[in-house]
Amino acid sequence: MTQIDHQVHSIGPEVAGSCIFRFIAFLYGIAAYLVFFVTILYAIGFVMGLVVPKSIDTGTDTSTVEAVIINLLLMALFAVQHSVMARQRFKAWWTQYVPKPIERSTYVLLASLSLLLLFWQWRPLPAIVWDVQDPDFAVTLATLSFAGWVLVFTSTFVINHFELFGLNQVTNHLLDKEAPPPRFRTPLFYKFVRHPIYLGFIIAFWAAPTMTVGHLLFASVTTLYILVGIALEERDLIDLFGDEYRQYKQRVSMLIPWRKSA
Ligand SMILES: C[S@@+](CC[C@H](N)C(=O)[O-])C[C@H]1O[C@@H](n2cnc3c(N)ncnc32)[C@H](O)[C@@H]1O
């Protein structure tokens, strides 16, 4: 064996192994992102009762008590998975077992799967709470709900869509690039409210021309969950960004864009 052969032989398998891992991790990140994308599109149809085969107001008929219990359990499963796995301490613990570059993609994948389970197993509670008769007002509400989804989507891009859903992490890893440290940012909508993504969800869930008991349960519980989630997220953001975030909190309101600058 020549010296070059020897070097290639001894370096080759290691490099190839790590390249293969990087590539598999990248494909995994793409797959997780695609599952997320399908889930969020399904979520729009599920909540608005459009296009999808099973919406918030359709599915297996069960007694009211059974429906409420099943639906609460489904939402609790999502809430626990989604908020426990987002905490810094949990991340520090489980990245001992899950490689860091695919931590975010795994989180996104599991959150999407628990949402798909919710859509699939959700029990309708079809009693009507309100049903807007005026066609113009009904269209206005449906448009507002859609605008809520648009706010969700655009805010993810404004803050950093590809990092939020794990694609930056697997791409940096593939290219062997150091991931930049998290940066505090207040682009566009973030100048008016601290949580435009969550505001978008709240608008999308509540602006319904026809509100059933099932839809109301979903909107109420998710809104409560968002409020708890904000408290937890802001604790992490203060740990991460300190006074910068504390001052931001004083200057900009949480969800309703009416507080002026200090
Ligand atoms: C799902 S996003 C929701 C962001 C925000 N709560 C919202 O509703 O638009 C959660 C991630 O955004 C990050 N984040 C929230 N506000 C931020 C800011 N002003 N600058 C940088 N990162 C932020 C959090 O650390 C977390 O990783």
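Residues numbered from 1 in each chain as written. Predicted model: local features only at pLDDT ≥ 70, side-chain atom pairs only at ≥ 80, totals over all residues. Heavy atoms only, no water.

Here we look at the site of the ligand
Stage number 1. Close to the ligand lie I159, L164, R183, F184, R185, Y190, H195, P196, I197, Y198, E233 and L237.
Stage number 2. At 2.6 Å, a side-chain N or O of H195 approaches a nitrogen atom of the ligand.
Stage number 3. Contacts to the ligand include E233, whose side-chain N or O atom sits 2.6 Å from a nitrogen atom.
Stage number 4. If the ligand stood free it would expose 560 Å²; the protein chains cover 82% of that surface. (Near = heavy atom within 4 Å. Polar contact = N/O pair within 3.5 Å; in protein donor to acceptor, adjacent residues only side chain to side chain. Areas by Shrake-Rupley, 256 points an atom, 1.4 Å probe, with all protein chains shown as cover.)

Side note on the packing of helix α9 (residues 213–241) against helix α10 (residues 243–251)
Stage number 1. Contact pair α9 / α10: the axes reach a minimum separation of 6 Å and the direction vectors enclose 130°. One finds that α9 runs oblique with respect to α10. Along the contact surface, α9 presents E234, L237, I238 and F241, while α10 presents D243, E244, Y245, R246 and K249.
Stage number 2. Tallied by class, the residues present in the contact of α9 with α10 amount to four nonpolar, no polar and five charged. (Axes fitted to C-alpha atoms, helices over the stretch in contact; angles between N-to-C directions. Helix = DSSP H or I, 4+ residues; strand = E, 2+ residues; numbered from the N terminus. Parallel < 35°, antiparallel > 145°, perpendicular 65-115°, else oblique. Contact = heavy atoms within 4.5 Å. Nonpolar A, V, L, I, M, F, W, Y, C, P; charged D, E, K, R; others polar.)

Describing the UniProt feature "transmembrane region" (unreviewed entry) in the chain
Stage number 1. This chain's UniProt record puts "transmembrane region" (unreviewed entry) on residues 20–44, 64–84, 105–122 and 142–167.
Stage number 2. Overall, residues 64–84 shows 100% helix and 0% strand. The separation of its end C-alpha atoms is 30 Å.
Stage number 3. End-to-end, the C-alpha atoms of residues 142–167 are 32 Å apart, and along that stretch the chain is 88% helix and 0% strand. (UniProt positions renumbered as here; feature names shortened; annotations may be inferred.)

Brief notes about the UniProt feature "domain: NnrU" (unreviewed entry) in the chain
Stage number 1. Under the UniProt annotation, "domain: NnrU" (unreviewed entry) lies at residues 72–227.
Stage number 2. The distance from the first to the last C-alpha atom of residues 72–227 is 17 Å, and the span holds 65% helix and 4% strand.

Quick notes on a nonpolar patch on the surface
Stage number 1. Residues V65, I69 and L73 make up a contiguous nonpolar surface patch of roughly 300 Å² in combined accessible area.
Stage number 2. Relative to the elements of secondary structure, V65 occurs in helix α2 (residues 64–84).
Stage number 3. V65 sits in the exposed class, given a relative accessible area of 58%. (Patch = residues over 30% accessible without salt bridge, like charges linked within 9 Å, V, L, I, M, F, W, Y side chains within 5 Å. Salt bridge = Lys/Arg side-chain N within 4 Å of Asp/Glu carboxyl O. Buried < 20%, exposed > 50% of the residue type's maximum accessible area, 1.4 Å probe, protein only.)

Some words on the pattern of salt bridges
Stage number 1. Scanning the entire structure with this criterion turns up five salt bridges.
Stage number 2. In this structure, the salt-bridge partner of D236 is R87, at a minimum N-O distance of 3.0 Å. Remark: R87 occurs in the loop between α2 and α3 (88–94) and D236 occurs in helix α9; sequence separation between them is 149 residues. Of the two residues, D236 and R87, neither departs from the other in class, the shared state being buried.
Stage number 3. E234 serves as the salt-bridge partner of R194, at 2.7 Å between the closest nitrogen and oxygen. Placement of the pair is R194 in the loop between α7 (167–174) and α8 (196–206) and E234 in helix α9, with a sequence separation of 40 residues.
Stage number 4. A relative accessible area of 7% places R194 in the buried class.
Stage number 5. Looking at E234, the relative accessible area reads 5%, which means it is buried.

Some words on α8
For an α-helix the count is 3.6 residues per turn, leaving residues at separations of three or four pointing the same way.
Stage number 1. The element α8 is extensively covered by neighbouring structure, given that eight of its eleven residues are classed as buried.
Stage number 2. Taken as a whole, α8 has its buried residues at P196, I197, L199, G200, F201, I202, A204 and F205.

Quick notes on the packing of α2 against α9
Stage number 1. It is at 11 Å that the axes of α2 and α9 come closest, and there the two elements cross at 20°. In terms of their interaxial angle, α2 and α9 are classed as roughly parallel. Considering the relative orientation of α2 and α9, their crossing is right-handed. From α2, N71, L72, M75, F78, A79, H82 and S83 reach across to α9, where they touch L217, F218, V221, Y225 and L232.
Stage number 2. Taken together, the residues that form the contact of α2 with α9 break down as nine nonpolar, three polar and no charged. (Left-handed = near helix turned anticlockwise from the far one by under 90°.)

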